[in-house]
Amino acid sequence: MYNKVLPLQDVLRVETGLKQKSLNFTAARAEGVNREKSIMAARLCGVLALLAVFLSGLDASRPAINQELSNIFNELWTLDVNRMTPATDYTISVQGRANYVTQGSHVVTDRASQPLFSNVNEIKLQNITTFTRLMKLLDNYERSTGVAERVTTVEQTEMNLFLDAVLETEVMKRAHRYLVSKGQSNSNLRIFKNQLRLIWFNLYHRKRNSALDSCGFEHVFVGETKSGSEIIGFHNWVQFYLQEKSTHLDYKGYKARDNDLPDHDDHVLNLQFSWHGLVKPVGSAFIGTSPEFEMALFTIVFLLNTERSTTVLVNVDQCQMELVVIRHGRSLGTAYPKLLSSNSRHVSHH
């Protein structure tokens, strides 16, 4: 037996082959790692893309700030000389945060042991024409839907006097000029008054197969009950105060996000209350504002849009809010504010 000695060129050939195999293995392993990284990167991109779509969907669910409407509404806010001043003309106590309550429930935990309004300057209210004429209208309607509304001659006169008073305010005059400039109203005051009457006071069927039982004004400013089990509408602070004072209404607490608690000088509130034994799980209303201001805002939103339901996001004074308007044919079905942020807390986010 003996050891065979390979020629030098064979040894070099073997070593070269081994090195090439090693390089091929290393390259293959690197390619596999790169392929795996590519797959992971593609998956990550897919997840990020889905997340972007989801987040954009969330953003899309809330409309962008309508700057044009914010501008005109702030003009109206400045012109609203009949607006009541918090802590001077009225005092409210928001108290505790209301619990979640399902629609139609009659059982609710009271998070407010005191009324919302502890004081309102009624002498001032009685000395402002639009407020006094508003209050004359509040007892003209049947509370329950499905019950026919019968408008007497006296009630018709009260409605006309109220509209006349509203049209004489600088707030509604400015709103009228704006609507004329947008091609949505006639410059003739009589025609504009008829337009307001159609939007706010035209009677229609809210409950199917019933008589003429409702109108926009009744729903928004007075409030209604449906099927004897729930409160619908009721978005006016004067009616809220008067019903609370007469003990027909019991304030249960405020509704708000954790980082945006309301206080005594907020001019918009989301709230919970009971009325004649029924519960409104979440309601909302302007506080202290004049009836002409509220009518002007909602009339503008109503006339500038043709969709059945419209939501606009606006900044008014120190509040960011959504204004929701729902049509009932050529008349108003409902309209209300929804407070999103108060005391200018939203400013730092935009």
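## With respect to the overall build of the protein chain
Helix and strand content of the protein chain: ten helices and ten strands. Per-residue burial over the protein chain gives 45% buried out of 350 residues. Taking the intrachain contacts of the protein chain between residues at least 6 apart in sequence as the baseline, contacts between residues at least 24 apart amount to 66%.

## Observations concerning empty space enclosed by the protein
Counted by the stated rule, this structure contains one cavity of 30 Å³ or more. By volume, the largest cavity amounts to about 40 Å³. Of all elements in the fold, only helix 9 (237-245) and strand 7 (278-286) reach the threshold of two or more residues within the lining of the largest cavity.

## As for the side chain of N270
Residue placement: N270 occurs in strand 6 (residues 268-275). A polar side-chain atom of N270 sits 3.1 Å from the main-chain carbonyl oxygen of L339. The residues touching N270, leaving out its near neighbours within four places in the chain, are Y254, K255, G283, S284, P337, K338 and L339.

## Regarding the packing of aromatic side chains
One pass over the structure, following the stated rule, counts 20 aromatic pairs. Ring centres 5.3 Å apart and planes at 75 degrees place the aromatic pair F240 and F273 in the edge-to-face group. Within this pair, whereas F240 is found in helix 9, its partner F273 is found in strand 6, the two being separated by 33 residues in sequence. The residues F240 and F273 share a single accessibility class, namely buried. Between F286 and F298, the ring centres sit 6.2 Å apart and the planes meet at 55 degrees, which makes this aromatic pair tilted. You can see F286 sitting in strand 7 and its partner F298 sitting in helix 10 (residues 291-304), a full twelve residues away along the chain. Given a relative accessible area of 2%, F298 falls into the buried group. Aromatic ring contacts, followed pair by pair, group Y90, F117, F131, F234, W237, F240, Y241, Y251, F273 and W275 into a single cluster. One cation-aromatic arrangement involves R83 over W77; the distance from NZ or CZ to the ring centre is 3.7 Å. A cation over a ring is seen here: R143 above W275, with NZ or CZ 5.9 Å from the ring centre.

## Regarding the confidence of the model for the protein chain
Segments scoring low in pLDDT should not have their predicted coordinates read at a detailed level. Summing up the model confidence of the protein chain, the mean pLDDT is 87 and the portion of residues at 70 or higher is 80%. The low-confidence segment residues 51-60, where pLDDT is below 50, has zero contacts with residues more than four positions distant or belonging to other chains.

## Description of the pairing of strand 8 (residues 309-316)
Walk down a regular strand and you will see the side chains alternate between the two sheet faces. Two strands pair when backbone bridges link them, and strand 8 and strand 9 (residues 319-328) are joined in this way by eight bridges, in the antiparallel orientation. Counterpart to V312 in the pairing with strand 9 is L323. Connecting the antiparallel pair strand 8 and strand 9 is a turn made up of two residues, with D317 showing a positive phi of about 55 degrees.

## What to know about the nonpolar core
Ranked by size, the top nonpolar core spans 77 residues in total, and within it F73, F117, W200, F217 and L323 carry the most contacts. Considering each element in turn, this core owes the most residues, nine residues, to helix 10. Dropping the residues within four chain positions of it, F73 is found in contact with F293, L297, I300, V301, V314, V316 and L323.

## Observations concerning the packing of helix 5 (residues 153-167) against helix 7 (residues 189-201)
Following both chains from N to C, one finds helix 5 and helix 7 inclined at 120 degrees, their axes separated by 11 Å at the closest point. With respect to their mutual orientation, helix 5 and helix 7 come out oblique. Crossing geometry of helix 5 relative to helix 7 is assigned as right-handed. Where helix 5 abuts helix 7, its residues Q156, M159, N160, F162, L163, D164 and L167 lie against L189, F192, K193, L196, R197 and F201.

## Remarks on the layout of surface pockets
Approximately 230 Å³ is the volume attributed to the largest pocket. Elements represented by at least two residues in the lining of the largest pocket include exactly strand 4 (230-232), strand 9 and strand 10 (331-341). Looking at the lining of the largest pocket residue by residue, the classes come out as three nonpolar, four polar and five charged.

## Some details on the environment of T130
By the element assignment, T130 lies in helix 4 (residues 129-137). The exposure class of T130 is buried, given its relative accessible area of 2%. In this structure, the C-alpha to C-alpha distance between T130 and A165, residues 35 residues apart in sequence, is 5.6 Å. Other than its neighbours up to four places away in sequence, T130 contacts N82, F162, A165, V166, T169, P291 and E292. There is a polar contact of 2.9 Å between the side chain of T130 and the side chain of E292.

## Notes on the sheet that holds strand 9
Pairing in this open sheet of three strands is antiparallel, and the strands run 8-9-10 from one edge to the other. The sheet terminates laterally at strand 8 and strand 10, the two strands that pair on one side only. Strand after strand, the sheet turns through a mean of 20 degrees between neighbouring axes, direction not considered. By the bridge criterion, nine bridges tie strand 9 to strand 10 in an arrangement that is antiparallel. For Q320, the partnering residue across the bridge sits in strand 10 and is S341. The strands that helix 2 (residues 67-79) touches are strand 8 and strand 9; relative to strand 8, the one it contacts most, it runs at about 65 degrees.

Reading the values: the criteria
Residues numbered from 1 in each chain as written. Predicted model: local features only at pLDDT ≥ 70, side-chain atom pairs only at ≥ 80, totals over all residues. Heavy atoms only, no water. Helix = DSSP H or I, 4+ residues; strand = E, 2+ residues; numbered from the N terminus. Buried < 20%, exposed > 50% of the residue type's maximum accessible area, 1.4 Å probe, protein only. Contact = heavy atoms within 4.5 Å. 1 Å grid on protein atoms, 1.4 Å probe; cavity = no way out; pocket = protein on both sides within 12 Å on 5 of 7 lines; lining within 4 Å. Points joined across faces, edges and corners; volume = space filled by probe spheres on them. Polar contact = N/O pair within 3.5 Å; in protein donor to acceptor, adjacent residues only side chain to side chain. Phe/Tyr/Trp six-rings, centres within 6.5 Å; stacked < 30°, edge-to-face > 60°. Lys NZ or Arg CZ within 6 Å of the ring centre and 35° of its normal. pLDDT = per-residue confidence, 0-100. Pairing = 2+ DSSP bridges. Core = buried A, V, L, I, M, F, W, Y, C linked by side-chain atoms within 4.5 Å. Axes fitted to C-alpha atoms, helices over the stretch in contact; angles between N-to-C directions. Parallel < 35°, antiparallel > 145°, perpendicular 65-115°, else oblique. Left-handed = near helix turned anticlockwise from the far one by under 90°. Nonpolar A, V, L, I, M, F, W, Y, C, P; charged D, E, K, R; others polar.

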